[in-house]
Amino acid sequence: MKCFTEAEKQLLLSLDPFAGDEGSLRTLEDKVVVARKSNTCSNCYAVGKAGDEERVIKDVFDGDFQTHRYCAACCMALLRDHKNGGVDDAFYMRHERAITK
Ligand SMILES: [Zn+2]
């Protein structure tokens with residue numbers, strides 16, 4: 001399912017899901033794509049479906065190559081946090097809820 005406008009995608013890509021993390025980070029790729037298969041979200045661990053939009057970030061962090069995928073709901077949360085000035089941390093709460101289940 002497609003749920004982001006071009007403007008939302010551009011805004012989304014300007015938002016850093018790793019804000020506050022420490023270490024050396026080199027981003028290789030950062031884009032919003034339509035998933036070709038079902039993937040697990042790196043933030044909330046929900047399993048998406050092929051055809052869902054997701055943000056994929058590939059980077060080298062402290063010398064290790066890694067790929068992060070964020071489901072549409074987490075991307076929405078990141079956009080919502082941005083609109084709210086980052087105050088309600090909806091994005092991080094999705095992660096917190098997933099790991100404390
Ligand atoms: Zn997610």
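Being a predicted model, the structure only gives us computed values, none of them experimental. (Residues numbered from 1 in each chain as written. Predicted model: local features only at pLDDT ≥ 70, side-chain atom pairs only at ≥ 80, totals over all residues.)

**Q** What am I meant to see in the environment of T27 here?
**A** Following the sequence through the fold, T27 ends up in strand β1 (residues 25-34). Look at T27 and you get exposed, because 12 C-beta atoms sit within 10 Å. Placed 34 residues apart in sequence, T27 and F61 show a C-alpha to C-alpha distance of 8.4 Å. Contact partners of T27, with chain neighbours within four places excluded, come to I57 and D59. (Helix = DSSP H or I, 4+ residues; strand = E, 2+ residues; numbered from the N terminus. Buried ≥ 20, exposed ≤ 12 C-beta atoms within 10 Å, placed from the backbone. Contact = placed C-beta atoms within 7 Å.)

**Q** Please explain the packing of helix α1 (residues 6-14) against helix α2 (residues 72-83) as it appears in this structure.
**A** Axes are the key here: two packed helices are described by the angle between their axes and the distance separating the axes. Contact geometry for α1 and α2: axes closest at 10 Å, N-to-C directions at 80 degrees. With respect to α2, the element α1 is oriented roughly perpendicular. Here α1 contributes E8, L11 and L12 to the contact with α2, which in turn contributes C75, L78, L79 and H82. Looking at the contact of α1 with α2, its residues break down into five nonpolar, one polar and one charged. (Axes fitted to C-alpha atoms, helices over the stretch in contact; angles between N-to-C directions. Parallel < 35°, antiparallel > 145°, perpendicular 65-115°, else oblique. Nonpolar A, V, L, I, M, F, W, Y, C, P; charged D, E, K, R; others polar.)

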